[in-house]
Amino acid sequence: MIDAPSYADALRILGCKDGRLVKVIGFASEAERTGWALAGGTRLSTSLRDLRDAVIAHGEDVARRLPELKSGANRFTRTERLAAAHAAIVVAAWFEALGEAKLPFTLDQLDRGDRISHGVPTAERYARLVAGLLLERLPTPEPHVPYAETRAAVERAYARMAEAMTGYVGGLSLWDELAVEDQLVLPRLLTEGPTAHALRIYDEDYRSLALDSHEFGVRSLVTERPPPATALSRVAWLLAELAPPRVGDRPMIHRLRMAANALDQPLLLAGKLPEDVYLPLLGEGYLTPRCRVAEPTRESSPAERGWWDRQRLLPDPEAFLAGHLTSLRATRAPLLVLGEPGSGKTKLTEVLAARLARSEFLPFRVELRAVRGRADVAGQIEQAAAEVLGEEVTYPDLVAAGDGAMPVILLDGFDELVQGGLNRYDYLERVREFQAREAGLGRPVAVIVTARTAVADRVRFPDGLLALQLLPFDDDQVRQWLDIWDQANRALLARRDLKPLPAEAALVHGEMARQPLLLLLLALYDAGGNALQHDHGPLGRARLYEVLLRDYTERETGGARRVAIDQELVLLGAVALSMLARGSQVVTDEQLDRDLPALCHGGEDDHDDEDEPVDWARKATERFFFVRRRGHAFLHSTFGEFLVAWLTLYALRDLDRRRRLAGDEPLAVVQAVDDDLLYAVTSHSCLAERAPTVGFLLELLDEVPTAVRARCADQLAGLLRRALYERTRRHFTGFRPVRHTVTRRLAAYSANLTLLIVAASEQPVAVSSLLPGPDHLERWSALTHLWKGQLGTDGWSGLVTALSAHRVVTGGVEDVMLGGGAEPSGMGDVVVAVATGHAPRHRRLLDLLLRALGEGGALPFRDRVSILEELLRTVAVRSPAMHQALGTMWHEDGADRAALRRLLRAMLADPVDRMTTWEQLVKSGIPETALWEIHQNTPPPPPPQPALGSG
């Protein structure tokens, strides 16, 4: 539950005609701030009966005035008034039940008490009672919370009011007049009697409120399973019930609303659609997703599937969306929508924006990959609006032009800010601050943010944030969507003696058929020749992408040979690689015209011998797989991730092919075949920056014969041993999407070689086999230090996740085994442990830390601090387990925080890693205020001393 209005807030929002009630509450509020005497308590007349009568009368007045309160007001004002009305009926129900309760005294007896009771003025006690009854925050219905839970929260509020009443009675002289048995049972009588009766009254009043107010009626729907619907049509119906569609917008707002109406666009808004199939329109083919909902905290793990399995399933997501946008929470914290790639996050924002465009809301949809990542929220909205309007406009002017329509900002693709090297881990907090600032200026705004589930462990969640997880289709949804596909394509396919994809043939492919994007791709591929309707077994995701790309390219080129199709895929892969190297999902014509010939023209820099210039950007992006987004973007980011993996494997197979051909040449012994194409493809970025890329690569390698994989792994190991040595000449040197240092490129190349070796090997790979010699661990440590220092946060963290490892000792010789699905240790991964240690003594210290953490309190606090201090001093450990250990110890009972502050000061001393360390420490539970104080009180480093002999 969020902080909802108190009864005092409700009086302010709704207005109250009873001056005595306003005066008593105003006095109680002032007494809380300044004390009873300064608040003028001596002039206060106390009457609990009068207070009860006034509260009940006000509740009845609110019920009568509800239609008036809802009319002639904008969206947010109505939301505030309805929350206040709910607060009024909650309190009125309790006071009504109090007057009818069977107690050992009457309210009149309480009001006839002495002016001074037990040494304290009765008026002061009365002020405390009023504060306890009427100044506390009260629960309010929310769309993701079943009514039973709201009712339980109201019951807890009634219990607190009963406690306040018990305390008040116990301080009056009347208490001494009660029999002992009455004194003993009074707390139970006040808790059980009025509470049970008040809940019955509340139930009746809430039903009346829901009948009179569609907003509360919508929230009562979220526990019921609705009939199947498409394109969030029920959202439009539910919102239309709240207020009539807006008409007569100003020209600027009219253009924004028209731009948001994408329901008559195809499901995939591609550059060139296939000619032999019909793509259903967004308004026809978008199915309402199944969702889970949660309120994540800093201790939550929303990046893990198991955590979501324990969260609440929403029976009616459309009622939830309508209810959320009409709730107080919507304007106080963002709604985060998480999902796997292809789960429909972007389509949800498109459809919701279209539905809101005809309502009392004003939708602004912002594709975060197409705006400045470092800009503030208002700046990103302004940039997106300028694209639609063709002119610069400020956010306040946009809101003012909306004429009272409440803005709903849809920020799509937050994972691009996290994965693009921008370190926007605090972005959701900045969004919440934006909402708070706008609310303070009288411009409340709702915000919805979408992101891949995988990045949820790399962000901070502000208080009040709600998160939705989009779930895969169930069997009924798969059938429903394929029925839509059938209706759209049966006649077209019949012309080629083909049939639409039946549900049984799709469901064979398991999870692939349950992701909306992948189901559409399955249907598109099957439309080429009904290949999926012949029993060839389930396709893998990588195989689906490849056969789809090949099939479409073959149809577009009139049946081109395999070599020509490979050339097309290389061209598409080069586009994807150009994006990955830049850390972006959008690339411009100018960038493609520079990058593509450098990689796809034989690696030569001189192109003057061409008969006519090639329009590389157009040649690559005229296909179905691209859309325009201030440049060119893939239809879906997973296309780019697949193509990078495909191009990497192509370069590896090309290297193997040329090595085999060179094997019969007499000069093969002295003249090595170059690895230039593989170097050009894998030396700009770590493949593990994008987890799906590694997944695609593993799937593609699974289809390579075992003998070829073993041969490739052998060749890659030889390349790794020579990877850091100078090469006098290379081809493809013109392919430089980003100008990296030689060190950076060598780090990426050697890291990717290691990933490929492990991926291609049937068994776990020993570091000693990759780097033979007695110093293999020292060489491994130097290599991993290079990766950690050069690959950036995304590259290093992705590598640690993808490259599973564990330490082994065989015959007294220490080694590290890579691959084999080893579970990461408590330190995060042994790659981290080895990279931060230089000798066996240091690695033993890491093991000691793991045991100490596992045993918890078995070691004294002081000893554990000493272990952590030694690790920091000798090997500068900065692992997730170190951060977690400090966070856990900070909150221990009796923790010596002065000792922990020394460690934190040491960890924050390095300005290069400070932001990352700060983020991880805060996520582990250490208050940011404490870190700020430590940072402020850290003396600056001493100035460098002049060298001997200097003047």
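Above this text is the structure in question.
How each quantity is defined
- Residues numbered from 1 in each chain as written.
- Predicted model: local features only at pLDDT ≥ 70, side-chain atom pairs only at ≥ 80, totals over all residues.
- Heavy atoms only, no water.
- Helix = DSSP H or I, 4+ residues; strand = E, 2+ residues; numbered from the N terminus.
- Areas by Shrake-Rupley, 256 points an atom, 1.4 Å probe, with all protein chains shown as cover.
- 1 Å grid on protein atoms, 1.4 Å probe; cavity = no way out; pocket = protein on both sides within 12 Å on 5 of 7 lines; lining within 4 Å.
- Points joined across faces, edges and corners; volume = space filled by probe spheres on them.
- Buried < 20%, exposed > 50% of the residue type's maximum accessible area, 1.4 Å probe, protein only.
- Pairing = 2+ DSSP bridges.
- Nonpolar A, V, L, I, M, F, W, Y, C, P; charged D, E, K, R; others polar.
- Expected span 1.5 Å × (residues − 1).
- Axes fitted to C-alpha atoms, helices over the stretch in contact; angles between N-to-C directions.
- Left-handed = near helix turned anticlockwise from the far one by under 90°.
- Contact = heavy atoms within 4.5 Å.
- Core = buried A, V, L, I, M, F, W, Y, C linked by side-chain atoms within 4.5 Å.
- Patch = residues over 30% accessible without salt bridge, like charges linked within 9 Å, V, L, I, M, F, W, Y side chains within 5 Å.
- Salt bridge = Lys/Arg side-chain N within 4 Å of Asp/Glu carboxyl O.
- Lys, Arg positive; Asp, Glu negative; His and termini not counted.
- Charge placed at Lys NZ, Arg CZ, Asp CG, Glu CD.
- Polar contact = N/O pair within 3.5 Å; in protein donor to acceptor, adjacent residues only side chain to side chain.
- Phe/Tyr/Trp six-rings, centres within 6.5 Å; stacked < 30°, edge-to-face > 60°.
- Parallel < 35°, antiparallel > 145°, perpendicular 65-115°, else oblique.

A.B. asks: How do you make sense of the overall build of the protein chain when you look at a structure like this?
C.D. replies: Check the secondary structure of the protein chain and you find 42 helices and 14 strands. For the protein chain, the computed accessible surface area is about 41,300 Å², with 51% contributed by carbon and sulfur atoms.

A.B. asks: Is there a simple way to think about the layout of surface pockets in this case?
C.D. replies: Sizing a probe to match a water molecule and rolling it over the atoms shows the empty space that remains. By volume, the second largest pocket amounts to about 750 Å³. Together, 29 residues line the second largest pocket, and Ala259, Arg365, Glu367, Ala384 and Val388 are the ones closest to its centre.

A.B. asks: What exactly am I supposed to notice about unusual backbone geometry here?
C.D. replies: Residues other than glycine seldom take positive phi values, yet aspartate 403 does so here, at roughly 60 degrees. Mapped onto the elements of the fold, aspartate 403 is located in the loop between α18 (395-401) and β7 (406-412). Overall, aspartate 403 belongs to the exposed group, its relative accessible area being 52%. The backbone of phenylalanine 732 sits at a positive phi, close to 60 degrees, despite the residue not being glycine. Turning to its location among the elements, phenylalanine 732 is positioned in the loop between α31 (706-722) and α32 (742-760). When its relative accessible area of 13% is taken as the criterion, phenylalanine 732 is described as buried.

A.B. asks: Is there a simple way to think about the sheet that holds strand β12 (residues 765-766) in this case?
C.D. replies: Two modes of strand pairing occur in sheets, parallel and antiparallel, and in both the strands are linked by backbone hydrogen bonds. With antiparallel pairing, three strands are arranged side by side in an open sheet as β12-β14-β13. In the strand order of this sheet, the two ends are held by β12 and β13 (805-810), each with one partner. Relative to strand β14 (residues 813-818), β13 runs antiparallel, the two being bridged by six bridges. Bridge pairing in β14 places threonine 810 opposite valine 813.

A.B. asks: What am I meant to see in helix α1 (residues 7-14) here?
C.D. replies: Structural remark: α-helix, 3.6 residues per turn; residues separated by three or four positions point the same way. When you tally the buried positions in α1, you get seven out of eight residues, the bulk of the element. Three or more residues of α1 are buried, namely Tyr7, Ala8, Asp9, Ala10, Leu11, Ile13 and Leu14. After α1 finishes, the residue glycine 15 shows a positive phi value of roughly 80 degrees.

A.B. asks: Where do I start with empty space enclosed by the protein in this structure?
C.D. replies: Under the criterion given, the structure shown has five cavities of 30 Å³ or more. Computed from the structure, the largest cavity encloses a volume of approximately 710 Å³. What lines the largest cavity is a set of 40 residues, and nearest its centre among them are Lys345, Thr346, Lys347, Leu635 and His636. For the lining of the largest cavity, the secondary structure elements donating two or more residues are α16 (345-356), β6 (361-367), α19 (415-419), β8 (446-452) and α23 (516-526). When the residues that make up the lining of the largest cavity are grouped by side-chain class, the tally is 19 nonpolar, 10 polar and 11 charged.

A.B. asks: Looking at this model, I keep getting lost on α16. Mind explaining?
C.D. replies: For α16, built from 12 residues, the straight-helix expectation of 16 Å at 1.5 Å per residue is met to within 8% by its first-to-last C-alpha distance of 17 Å. Counting buried residues in α16 gives 11 out of 12 residues, a clear majority hidden from the surface.

A.B. asks: Sorry, what's going on with the packing of helix α24 (residues 541-556) against helix α25 (residues 562-582) here?
C.D. replies: The relative placement of two packed helices comes down to the angle between their axes together with the axis-to-axis distance. Running from N to C, α24 and α25 point in directions that differ by 115 degrees, and their axes come no closer than 10 Å. Of the two possible hands of crossing, α24 and α25 adopt the one that is right-handed. The residues of α25 that touch α24, namely those facing Leu549, Arg550, Thr553 and Glu554, are Arg562, Ile565, Asp566, Glu568, Leu569 and Leu572. Among the residues making up the contact of α24 with α25, the classes are represented as four nonpolar, one polar and five charged.

A.B. asks: Please clarify how the nonpolar core should be interpreted in this entry.
C.D. replies: Among soluble globular proteins, nonpolar side chains are generally buried collectively. Counting residues in each nonpolar core, the largest one holds 169 residues, and the members touching the most others are Trp481 and Trp787. Looking at which element gives the most residues to this core, the answer is α32, with 12 residues. Each residue touching tryptophan 787, except ones within four places of it in the same chain, is listed here: Ala747, Ser750, Ala751, Thr754, Trp780, Trp796, Leu799 and Leu803.

A.B. asks: What is the right way to read the pairing of strand β3 (residues 291-294) from this model?
C.D. replies: The two faces of the sheet receive side chains in turn, since in a regular strand these alternate between them. The alternating pattern of β3 places Cys291 and Val293 and Arg292 and Ala294 on opposite faces, both of which are buried. Relative to strand β4 (residues 312-314), β3 runs antiparallel, the two sharing three bridges. Its bridge partner being in β4, arginine 292 is matched across the sheet by leucine 313. Of the pairings in the sheet, the one linking β3 to strand β9 (residues 466-470) comprises four bridges and is antiparallel in character. Residue pairing in the sheet places arginine 292 in a bridge with glutamine 469 of β9.

A.B. asks: Got a minute to help me understand a negative patch on the surface in this structure?
C.D. replies: Among the surface-exposed residues, Glu590, Asp593, Asp615 and Glu622 lie close enough to one another that they form a single negatively charged patch. Relative to the helices and strands, aspartate 593 resides in helix α26 (residues 589-600).

A.B. asks: I tried to follow the side chain of serine 685 on my own but got confused; where do I start?
C.D. replies: Position of serine 685 among the secondary structure elements: in the loop between α29 (676-682) and α30 (691-702). At 3.4 Å, the side chain of serine 685 and the backbone oxygen of leucine 580 are in polar contact. Those residues in contact with serine 685 that sit more than four places away from it in its chain are Leu580, Ala581, Arg744, Ala748 and Asn752.

A.B. asks: Help me understand the pattern of salt bridges, please; the structure alone is not making it clear to me.
C.D. replies: A side chain of one charge can pair with a side chain of the opposite charge when the charged atoms of the two come close. If you walk through the whole model with that rule in mind, you get 43 salt bridges. Here glutamate 142 and arginine 329 are joined by a salt bridge, their closest N and O atoms 2.5 Å apart. Of this pair, glutamate 142 sits in the loop between α6 (122-134) and α7 (147-170) while arginine 329 is found in the loop between α15 (317-325) and β5 (335-339), placing the two residues 187 residues apart along the sequence. Each member of the pair, glutamate 142 as well as arginine 329, carries the same accessibility label: buried. A salt bridge links arginine 658 to aspartate 654, with the nearest nitrogen and oxygen atoms 3.0 Å apart. Of this pair, arginine 658 and aspartate 654 both sit in helix α28 (residues 637-662), separated by four residues, roughly a single helical turn. Taking relative accessible area as the criterion, arginine 658 reaches 22% and is therefore assigned partly exposed. If you follow the salt bridges from partner to partner, you end up with Lys347, Glu350, Arg365, Glu367, Arg369 and Asp412 in one network.

A.B. asks: I keep staring at the packing of aromatic side chains and nothing clicks. Help me out?
C.D. replies: Both the distance between ring centres and the angle between the ring planes are used here to describe each pair of aromatic rings. Per the stated rule, a full pass over the model turns up 18 aromatic pairs. Aromatic side chains tyrosine 147 and tyrosine 202 sit 6.3 Å apart centroid to centroid with 5 degrees between the ring planes, which places their arrangement in the stacked category. Residue tyrosine 147 is found in helix α7, and its partner tyrosine 202 is found in helix α9 (residues 180-212); the two are separated by 55 residues along the sequence. The exposure class assigned to tyrosine 147 is partly exposed, which follows from its relative accessible area of 30%.

A.B. asks: Would you take a moment to explain the packing of helix α3 (residues 48-70) against helix α4 (residues 75-100) for this structure?
C.D. replies: Look at α3 against α4: their axes get within 8 Å of each other, and the N-to-C directions meet at 150 degrees. In this view, α3 runs roughly antiparallel relative to α4, as classed from their interaxial angle. In this structure, α3 meets α4 at a crossing whose hand is left-handed. The segment α3 lies against α4, with Leu51, Arg52, Val55, Ile56, His58, Gly59, Val62, Leu66, Glu68, Leu69 and Lys70 engaging Arg78, Arg81, Leu82, Ala85, Ala88, Val91, Ala92, Phe95, Glu96, Gly99 and Glu100. Class assignment for the residues of the contact of α3 with α4 results in 12 nonpolar, three polar and seven charged.

So, to be careful, I would describe these as geometric facts and stop short of saying anything about function.
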